[in-house]
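Commentary on secondary and tertiary structure
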Amino acid sequence: MIKTIGRYALLTTLAMLLAGCITDQQPAPVEQAGGGATQPAQPQQPQQPVPGVPSVPTLPQQPGPIEHPDQNGQPTPRERHYDWNGAVQPMVGKMLQASGVNAGSVLLVDSVNNRTNGSINTGEATEVVRNALANNGKFTLITAQQLAVAKQQLGLSPQDSLGTRSKAIGIARNVGAQYVLYSSATGNANAPSLQMQLMLVQTGEIIWSGKGAVQQQ
C-alpha cells in the first residue's frame with residue numbers, strides 16, 4: 001500500500017513539473033498603457049482577391065519617345081537647275097543673222113542679270129552664252145580675263161554684273177568693243193525668261209533683241 005501511494009506521488013510530481021514547463025514556453029502578453037494585457041500580434045495574411053472584381057494587371061514600363069536633335073533648324077533649300085542652252089542656242093543663231101552687224105567686230109558679252117523674283121545661278125547662264133558664241137565666225141569676243149580687268153578698274157568684282165545698259169556700254173568702250181550683248185533673266189524664278197539685246201556701243205542703239213523661255217530641269 002505504501003509503495004502504491006509513493007508511485008502516485010511521483011507521477012503527480014512529474015505531471016506538475018511538465019505543466020510548469022509548458023506554461024513557461026508561452027509568449028508573455030503585451031501590456032497596454034492602461035495596464036491591461038493584449039493578445040500577441042498575429043502575422044498579416046496576404047490580401048486575397050475579391051470574388052467578381054477583375055484584377056488590374058501590372059503593365060511593363062514603356063520606353064519614352066526617341067528625340068532626334070534638330071539639324072541646323074531649317075531645311076536646306078533645293079538648288080534650281082535650268083536648261084539655259086535650250087533657250088540660248090536659238091537666240092544666238094538669230095542674232096548672228098541680224099542685219100546691221102559688221103563681220104569681224106569686237107563683241108563684249110555682259111554677265112546675265114537676275115531680274116526674277118528669286119535666286120538664280122546667273123554665272124552658269126553667262127557661261128552658256130559665251131560657249132554658244134565661241135567660234136561664231138562673225139564676232140571677236142572680249143575674253144573673260146579682259147572683262148575682269150576692266151571691272152576691277154571700275155571697282156567691281158569680276159563676278160558682278162554691270163547691272164545697267166549704260167554701264168555695259170561704258171565698259172565696252174574701255175575695252176575697245178563695237179557691240180555689247182546685254183542679257184537678263186526675268187519673271188518667275190521657277191520658270192524664267194531670258195532676254196538678250198545686241199547694242200551698238202557708239203550710239204547705244206539696240207540693233208537686235210530676242211526672248212526665250214527657260215525650262216527648269
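Residues numbered from 1 in each chain as written. Predicted model: local features only at pLDDT ≥ 70, side-chain atom pairs only at ≥ 80, totals over all residues. Heavy atoms only, no water.

What follows deals with the nonpolar core. Of all hydrophobic cores here, the largest spans 29 residues; its most connected members are Trp84, Leu133 and Leu198. Elements supplying a minimum of two residues to this core: α2 (84–96), β3 (105–109), α3 (122–133), β6 (179–187) and β7 (193–200). Broken down by element, this core gets its largest block of residues, 7 residues, from α2. If you look at the next biggest cluster of nonpolar residues, it comprises 14 residues, including Leu108, Ala150, Ala168 and Tyr182. (Core = buried A, V, L, I, M, F, W, Y, C linked by side-chain atoms within 4.5 Å. Buried < 20%, exposed > 50% of the residue type's maximum accessible area, 1.4 Å probe, protein only. Helix = DSSP H or I, 4+ residues; strand = E, 2+ residues; numbered from the N terminus.)

So, on to the packing of α2 against α3. α3 packs onto α2 with a crossing angle of 40 degrees between their chain directions and a minimal axis gap of 9 Å. With respect to α3, the axis of α2 lies oblique. Crossing geometry of α2 relative to α3 is assigned as right-handed. On α3, the residues touching Trp84, Asn85, Val88, Gln89, Val92, Met95 and Leu96 of α2 are Glu124, Ala125, Val128, Val129, Ala132 and Leu133. Of the residues assigned to the contact of α2 with α3, the class counts are 10 nonpolar, 2 polar and 1 charged. (Axes fitted to C-alpha atoms, helices over the stretch in contact; angles between N-to-C directions. Parallel < 35°, antiparallel > 145°, perpendicular 65-115°, else oblique. Left-handed = near helix turned anticlockwise from the far one by under 90°. Contact = heavy atoms within 4.5 Å. Nonpolar A, V, L, I, M, F, W, Y, C, P; charged D, E, K, R; others polar.)

Before going further, it helps to examine helix α5 (residues 165–174). Regarding α5, the residues found buried are Ala168, Ile169, Ile171 and Ala172. Buried positions in α5, seen along its axis, are confined to an arc of 165 degrees and lie on one side of it. Exposed residues lying more than 90 degrees from the buried face of α5 are Ser166, Arg173 and Asn174. Those residues of α5 that are buried lie in contact with β3, α4 (144–153), β6 and β7. Two residues or fewer after α5 comes Gly176, characterised by a positive phi angle close to 80 degrees. (Arc of directions from axis to C-beta.)

Bringing α4 into the picture now. Residues Leu147, Ala150 and Lys151 constitute the buried set of α4. Down the axis of α4, the buried side of the element spans an arc of 100 degrees, and every buried residue falls inside it. With respect to the buried face of α4, the exposed residues turned more than 90 degrees away are Gln145, Gln152 and Gln153. Of the surrounding elements, those touching the buried residues of α4 are β3, α3 and α5. Gly155, located one to two residues past α4, shows a positive phi value of around 80 degrees.

This part is about unusual backbone geometry. Phi is positive for Asn135, close to 55 degrees, though the residue is something other than glycine. Among the secondary structure elements, Asn135 is positioned in the loop between α3 and β5 (139–141). Residue classification places Asn135 among the exposed positions, given a relative accessible area of 81%.

The subject of this paragraph is the side chain of Thr126. As for its position among the elements, Thr126 is in helix α3. For Thr126, a relative accessible area of 11% gives the class buried. Contacts of Thr126, omitting those with residues within four sequence positions, involve Asp110, Ser111 and Val112.

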